[in-house]
Amino acid sequence: MQRGFSSASLALADSVTHGTTAKIAELNKGVAEADRVVDLSIGTLDLPADPRIDEAVSRHVREKADLLHAFAPVKGMPFLRASLAAKISRMHAVTVNAETEVLVTPGGIKGALTIVFHTFLDPGDEVIVPLPNWPHYADMIRLHRGVPVFVAAADPATKPGLTPEALTSAMTDKTKLVVLGDCINPTGKVYAKSELEALAAVVAAENVKRSKASKSPIYVVFDCPYESHILGTRAPTFAAIVVNVPDHGSYALRDVTAMVTGPGKTYGMHGDRIGYLWASAPVIEMAARVQVNTNSFASTYGQVATHAAVQPEMDEVAASRAKHARANLEHVIDRLTRSGRIKIARPDGGYFLFVDFTAYAERYAKLGHTTAEQFLLSEARVAGIDGAYFAPGVPGLQHYVRLNCGRTREILDEACIWWGEKDRVFRVVLA
């Protein structure tokens, strides 16, 4: 029956990640302990949020309930925007005007991306998306009547990310946005300074040409949900890069960059659903007009919680959570590579492993499994996410699996026992 649904909504596939916990719980009903499925699929840390965040919200409920129940400014509460600007300065050494260059969004980072896409995309505009990558980009772009242009990495495991050559080849007159980021899901790719500068040079040169022709520039959406999970030296953020364009001079990428992030992954505040973006004043002004006509403003409770989370004394909390997650990731790599039968590319950042099972594909195909994800679930009782989900149309990614190492050490050890050390998996494929 024709129900009048939009073509964009009809084209949406079910989310692989949302609802995973309930599905696995159903699989484990009535199953012996030794055969229950271990869930390494969902992309969150098991560490709870710091209690000081809860206390801050409770204090506002007791002392300033009128603030929580009132309308909030569209751009976000002034005290939160000031705190976010200060955090950006501490993390990236970039000065941001809290009043004109920061917008707090409802719906977490996905909400911030929604506002960005609403702000920039007209029907038919193209958005360059490197693969493998977070799959919801494509669906969100299509919902905004944009066209995702996928650019696959030559080697998704060892050389993920976008290259200047690939970016140049993918750009057309219809290109409006380029999606970049750090700790990219699922590979953990973190761009080095030289890589960012090379990409910036391509964008800048193209925008100089467009400016001379009175055409719209290309904007970069730099998405950083895992920005605290970069350990070691941090490259300058994309908005801080200035490059020299021949016959033009210096070009500041800040003017054409929308930085997108939020507290969810950093502080364990997924349910608070707060995101924020920082960009030039004209972009924020237009994005605020869009937001007032969508969701008005972000939850006041979430804004108070985020204000508490991003205070300077909480920076160590963010760092310790990142170190904890990375230690777990290294622990899993160590355990799963002891046998020498599998090699895992160590990610630059984040807490996901993107594991290549291509060498075993023919063997598990004989068991009736067409993907590595099916193989692990059936033979090792370990749930991951199919690599093909992160790279639509790219051949061979069905033999990759994304595994979340943000789980507790106990859960990770249980998965490792069945996957590697007791050789349950490899005994099957090598038989």
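As the structure is a prediction and not an experimental result, all values here were calculated from the model. (Residues numbered from 1 in each chain as written. Predicted model: local features only at pLDDT ≥ 70, side-chain atom pairs only at ≥ 80, totals over all residues. Heavy atoms only, no water.)

A.B. asks: How should the overall build of the chain be read in this particular structure?
C.D. replies: Per the secondary structure count, the chain includes 17 helices and 14 strands. Viewed in the frame of its principal axes, the chain has a C-alpha envelope of about 65 × 60 × 55 Å. Here the contacts in the chain between residues at least 6 apart in sequence split such that 72% fall between residues at least 24 apart. Surface summary for the chain: the accessible area is close to 18800 Å², and the carbon and sulfur share equals 54%. If you average the places of the 46 positive and of the 46 negative side-chain charges in the chain, the two averages end up 1 Å apart. (Helix = DSSP H or I, 4+ residues; strand = E, 2+ residues; numbered from the N terminus. Contact = heavy atoms within 4.5 Å. Areas by Shrake-Rupley, 256 points an atom, 1.4 Å probe, with all protein chains shown as cover. Lys, Arg positive; Asp, Glu negative; His and termini not counted. Charge placed at Lys NZ, Arg CZ, Asp CG, Glu CD.)

A.B. asks: I keep staring at the environment of G268 and nothing clicks. Help me out?
C.D. replies: Positionally, G268 belongs in the loop between α10 (264–267) and β10 (274–278). When the C-alpha positions of G268 and A309 are compared, they lie 9.9 Å apart, and in sequence the two are 41 residues distant. When sequence neighbours within four positions are dropped, the list of residues in contact with G268 reads A49, P263 and R321.

A.B. asks: What should I look at first to understand the environment of L121 in this one?
C.D. replies: Note on placement: L121 falls in the loop between α6 (108–120) and β3 (126–131). A residue is classified by how much of its surface remains accessible, and L121, at 9% relative accessible area, is buried. For the pair L121 and A391, spaced 270 residues apart in the sequence, the C-alpha separation amounts to 22 Å. Once you skip the residues sitting within four places of it in the chain, L121 turns out to touch V127, I141, H144, G146, K176 and L177. (Buried < 20%, exposed > 50% of the residue type's maximum accessible area, 1.4 Å probe, protein only.)

A.B. asks: Explanation requested: the pattern of salt bridges in the structure shown.
C.D. replies: Two side chains that carry opposite charge are able to pair once their charged atoms sit near each other. In this structure the tally under the stated criterion is 16 salt bridges. As a salt-bridge pair, D413 and R335 come within 2.4 Å of each other at their nearest N and O atoms. Highlighted residues: D413 in helix α16 (residues 409–421) and R335 in helix α13 (residues 315–336), separated in sequence by 78 residues. Salt bridges here are not isolated pairs; linked through shared partners, they connect E206, K209 and R210. (Salt bridge = Lys/Arg side-chain N within 4 Å of Asp/Glu carboxyl O.)

A.B. asks: Help me understand the sheet that holds strand β11 (residues 352–356), please; the structure alone is not making it clear to me.
C.D. replies: Note on sheets: strands pair through backbone hydrogen bonds, and any given pair is parallel or antiparallel. The strand order β11-β14-β13 describes an open sheet built from three strands, whose pairing is antiparallel. A single partner strand is all that each edge strand has here, and the edge strands are β11 and β13 (385–386). Looking at chain direction, β13 and strand β14 (residues 400–404) are connected through two bridges and run antiparallel. Each bridged residue has a counterpart across the sheet, and for I385 the counterpart in β14 is R402. Contacts between helix α15 (residues 372–380) and the sheet are confined to β13 and β14, with β14 contributing the most and set at about 55 degrees to the helix. (Pairing = 2+ DSSP bridges. Axes fitted to C-alpha atoms, helices over the stretch in contact; angles between N-to-C directions.)

A.B. asks: Is there a simple way to think about the sheet that holds β3 in this case?
C.D. replies: Here we have seven strands laid out as an open sheet, ordered β2-β10-β9-β6-β5-β3-β4, and mixed in their pairing. On the outer flanks of this sheet lie β2 (102–106) and β4 (147–152), each paired with one strand and no other. Taken pair by pair, the neighbouring strands of this sheet meet at an average axis angle of 25 degrees, ignoring direction. In this structure, strand β6 (residues 219–223) lies alongside strand β9 (residues 257–261), joined through four bridges in parallel fashion. Paired with F222 across the bridge in β9 is M259.

A.B. asks: Help me understand the pairing of strand β5 (residues 175–181) in this model?
C.D. replies: Along any regular strand the residues' side chains alternate between the sheet's two faces. Taking burial as the measure, the seven residues of β5 include seven buried ones, the bulk of the element. Strand direction decides the pairing type here: β3 and β5, joined by three bridges, are parallel. Opposite V127, over in β5, you have L177 as the bridge partner. Since β5 and β6 lie parallel, the crossover through helix α9 (residues 193–212) that links them has a hand, and here it is right-handed. (Right-handed = clockwise from strand over helix to strand, strands pointing away.)

A.B. asks: Is there a simple way to explain the pairing of β6 in this structure?
C.D. replies: For β6, the buried fraction is high: five of the five residues fall into the buried class. Of the two faces of β6, the one lined by Y219, V221 and D223 and the one lined by V220 and F222 are each fully buried.

A.B. asks: Got a minute to help me understand the packing of aromatic side chains in this structure?
C.D. replies: Two descriptors summarise a pair of aromatic rings, namely the distance from one centre to the other and the angle between the planes of the rings. By the definition in use, this model includes 13 aromatic pairs. Between the aromatic rings of F120 and Y219, the centroid separation amounts to 4.3 Å while the plane-to-plane angle is 35 degrees, which identifies the pairing as tilted. Of the two residues, F120 is situated in helix α6 and Y219 in strand β6; the sequence distance between them amounts to 99 residues. Residue classification places Y219 among the buried positions, given a relative accessible area of 16%. Ring centres of W134 and Y137 lie 5.0 Å apart, and the angle between their planes is 85 degrees; this geometry places the pair in the edge-to-face category. (Phe/Tyr/Trp six-rings, centres within 6.5 Å; stacked < 30°, edge-to-face > 60°.)

A.B. asks: When you look at the nonpolar core in this model, what are you seeing that I'm missing?
C.D. replies: Generally speaking, nonpolar side chains in soluble globular proteins are found buried as a group. Counting 94 residues, the largest nonpolar core has L167, L180, F238, L253, L277 and W278 as the members making the most contacts within it. Not counting chain neighbours up to four residues away, the residues in contact with L253 comprise A200, V203, F238, A239, I241 and V243. (Core = buried A, V, L, I, M, F, W, Y, C linked by side-chain atoms within 4.5 Å.)

A.B. asks: What is the right way to look at the packing of helix α3 (residues 51–63) against helix α12 (residues 300–309) in this model?
C.D. replies: Any two packed helices are characterised by how steeply their axes cross, that is the angle between the axes, and by the distance between the axes. Remark: α3 packs on α12, axes separated minimally by 8 Å, with the N-to-C direction vectors making an angle of 135 degrees. Looking at the two axes, α3 sits oblique to α12. The handedness of the crossing between α3 and α12 comes out as right-handed. For the pair formed by α3 and α12, the contact residues are R52, I53, A56, V57, H60 and V61 on the first element and Y301, V304, A305, A308 and A309 on the second. Residue classes in the contact of α3 with α12 are distributed as nine nonpolar, one polar and one charged. (Parallel < 35°, antiparallel > 145°, perpendicular 65-115°, else oblique. Left-handed = near helix turned anticlockwise from the far one by under 90°. Nonpolar A, V, L, I, M, F, W, Y, C, P; charged D, E, K, R; others polar.)

A.B. asks: Just checking my understanding: could you explain the side chain of E206 for this structure?
C.D. replies: Along the chain, E206 falls in helix α9. For E206, a relative accessible area of 14% corresponds to the buried category. Discounting residues that sit within four places of it in the chain, E206 has contacts with M171 and I218.

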